[in-house]
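# Descriptive analysis of the structure
One-letter residues, chain by chain:
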Amino acid sequence: MNLFALPGVYGPQDDTALLAETLRDEPVPQGAEVLDIGTGTGALALAAARRGARVTAVDISWRAVLSTRLNARLAGLPVNVLRGNLLAPVAERSYDLILSNPPYVPADRPTAPRHSPAQAWDAGGDGRLLLRRICREAPLRLRPGGVLLLVHSALSGAESTLAELREEGLKAAVAARRSIPFGPVLRSRSAWLAGQGLIEDGATTEELVVIRAERPV
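Throughout, a residue's number is its position along its own chain's written sequence, starting from 1. Thresholds applied to this predicted model are a pLDDT of at least 70 for local features of residues and 80 or more for the giving and counting of side-chain atom pairs; totals over whole chains, interfaces and linings are not thresholded and use all residues. Water and hydrogen atoms play no part in the side-chain values, which are based on all heavy atoms of the structure.

## Concerning the overall build of the chain
This is how the line gets drawn: Helix and strand assignments come from DSSP, with helices taken as H or I runs of at least 4 residues and strands as E runs of at least 2, each series counted from the N terminus. Just to be clear, the radius of gyration here is over C-alpha atoms, and the globule rule we use is 2.2 Å times residues to the power 0.38.
The helix and strand inventory of the chain stands at seven helices and seven strands. Sequence-ordered secondary structure for the chain, helices as α and strands as β, is α-β-α-β-α-β-β-α-β-α-β-α-α-β. In terms of overall size, the chain behaves like a compact globule, its C-alpha atoms giving a radius of gyration of 16 Å where 217 residues would be expected to give roughly 17 Å. Taking the principal axes of the C-alpha coordinates as reference, the chain spans close to 50 × 40 × 30 Å.

Here it is in structure tokens:
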């Protein structure tokens with residue numbers, strides 16, 4: 001994923017790659033309407049566009065919006081890129097497939113940071129600041145038979161994600177898992193995470209999960 005990223009824009013990493021691999025196994029009919037929430041550099045939006053989907057990508061960061069627009073132009077792919085807070089810019093629309101790799105890292109602050117690169121990963125004390133909103137709002141934007149693919153760390157509570165999506169009437173399950181070494185962010189706060197009971201002392205790996213949730217027809 002050799003994509004352009006303005007300073008401060010979250011570049012594709014293991015979580016993006018795992019979600020992209022899961023997307024490859026998902027049926028995407030030609031012309032399907034796809035939404036990518038928190039697009040970053042647009043890696044997932046471009047992957048869907050290459051499948052012939054009509055893609056809308058959203059990010060709260062202007063730098064991410066500009067990075068994705070440029071990457072789409074360089075790739076010669078039509079992606080509609082909007083700036084906004086999660087699903088707010090598309091409140092009146094519905095989709096066949098919604099993708100999201102949102103901020104999900106637990107942090108020692110209750111709110112999301114602003115005007116900081118950390119807004120791309122920090123997500124409140126339990127890491128669910130944005131996950132809860134996506135679980136509540138994304139089902140409303142899915143068409144019958146539509147699918148949500150959502151990636152995050154198991155540190156942020158995969159069972160909570162499954163339960164919240166099922167409460168919204170979706171059929172939800174873990175579609176993919178992968179263990180990876182801690183990156184710089186988790187290494188820097190491993191003592192705090194252990195103190196919160198989120199990891200064991202001395203832990204050096206985390207598990208990524210992709211949740212697949214489908215709205216019944």
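Right, picking up where we left off after that structure.
## Observations regarding a nonpolar patch on the surface
Defined as follows: A residue counts toward a patch only above 30% relative accessible area and without a salt bridge, and it is joined to like-charged neighbours within 9 Å or, for Val, Leu, Ile, Met, Phe, Trp and Tyr, to nonpolar neighbours within 5 Å. Where accessible areas are quoted, they stem from the Shrake-Rupley method and a 1.4 Å probe; at the residue level, only the protein chains shown are allowed to cover. Throughout this description, the term salt bridge denotes a Lys or Arg side-chain nitrogen within 4 Å of a carboxyl oxygen of Asp or Glu. Each residue gets one of three labels from its accessible area relative to the maximum for its type: buried under 20%, exposed over 50%, partly exposed in between, using a 1.4 Å probe on protein chains only.
A cluster of nonpolar side chains, contributed by F4, L70 and L74, occupies part of the molecular surface with about 280 Å² of accessible area. Residue placement: L70 occurs in helix α3 (residues 62-75). Exposure remark for L70: the relative accessible area of 32% places this residue in the partly exposed category.

## What to know about the sheet that holds strand β1 (residues 33-37)
Note the threshold: Pairing between two strands is assigned when DSSP locates at least 2 bridges connecting them. Axis angles are defined between N-to-C directions and span 0 to 180 degrees, where every axis is a line fitted to C-alpha atoms and, for a helix, only to the segment in contact.
As summarised here, the arrangement of the seven strands in space is β3-β2-β1-β4-β5-β7-β6, forming an open sheet in which the pairing is mixed. Edge strands, defined here as strands with exactly one partner in the open sheet, are β3 (79-83) and β6 (171-181). Going from strand to strand, the sheet's axes swing by 15 degrees on average, the running direction of each strand aside. Inspection of the sheet shows β1 paired to strand β2 (residues 54-59) by five bridges, in the parallel sense. Bridge assignment links D36 to a residue of β2, and that residue is A57.

## What about the pairing of β2?
When a strand is regular, its side chains alternate between the sheet's two faces. Short version of the rule: Orient the strands so they point away from the viewer; a crossover is then right-handed if the path from the first strand over the helix to the second runs clockwise.
β2 sits mainly inside the fold: five of its six residues count as buried. With respect to chirality, the unit in which β2 leads through α3 into the neighbouring parallel β3 is right-handed.

## Notes on the packing of helix α4 (residues 129-137) against helix α5 (residues 158-167)
This is how it is decided: Should an angle lie under 35 degrees it is considered roughly parallel, over 145 roughly antiparallel, and from 65 to 115 roughly perpendicular; all remaining angles are considered oblique. A crossing counts as left-handed when the near helix is turned anticlockwise from the far one by less than a right angle, and as right-handed when that turn is clockwise. Residues are treated as being in contact if the distance between any of their heavy atoms lies within 4.5 Å. Here the term charged refers only to Asp, Glu, Lys and Arg, the term nonpolar to Ala, Val, Leu, Ile, Met, Phe, Trp, Tyr, Cys and Pro, and the term polar to all other amino acids, Gly among them.
Packing of α4 against α5 leaves a shortest axis separation of 8 Å and a crossing angle of 25 degrees. Accordingly, the angle class assigned to the pair α4 and α5 is roughly parallel. Judged by the twist between their axes, the crossing of α4 over α5 is right-handed. Of α5, the residues touching α4 (which contributes L131, R132 and C135) are T161, E164 and L165. For the contact of α4 with α5, the per-class residue count stands at three nonpolar, one polar and two charged.

## Quick word on unusual backbone geometry
Phi at L86 takes a positive value of approximately 50 degrees, unusual for a residue other than glycine. Assignment of secondary structure puts L86 in the loop between β3 and β4 (95-100).

## A word on the side chain of E26
As for its placement among the helices and strands, E26 is situated in the loop between α1 (14-24) and β1. When sequence neighbours within four positions are dropped, the list of residues in contact with E26 reads R51, V147, L149 and R212.

## A word on the pairing of strand β7 (residues 205-214)
Of the pairings in the sheet, the one linking strand β5 (residues 142-153) to β7 comprises seven bridges and is antiparallel in character. Bridging across to β7, V151 finds its partner in V210. Summarising the sheet, β6 and β7 pair through 10 bridges and their orientation is antiparallel. Bridge pairing in β7 places K171 opposite E214.

## A few points about α3
Let me state the cut-off plainly: Expected helix span is given by 1.5 Å per residue-to-residue step, counting one fewer step than there are residues.
Compared with the 20 Å implied by 1.5 Å per residue over 14 residues, the 20 Å span of α3 between its first and last C-alpha is a close match. For α3, the elements touching its buried residues are α2 (43-49), β2 and β3. Positioned one or two residues after α3, G76 has a phi angle of 70 degrees, which is positive.

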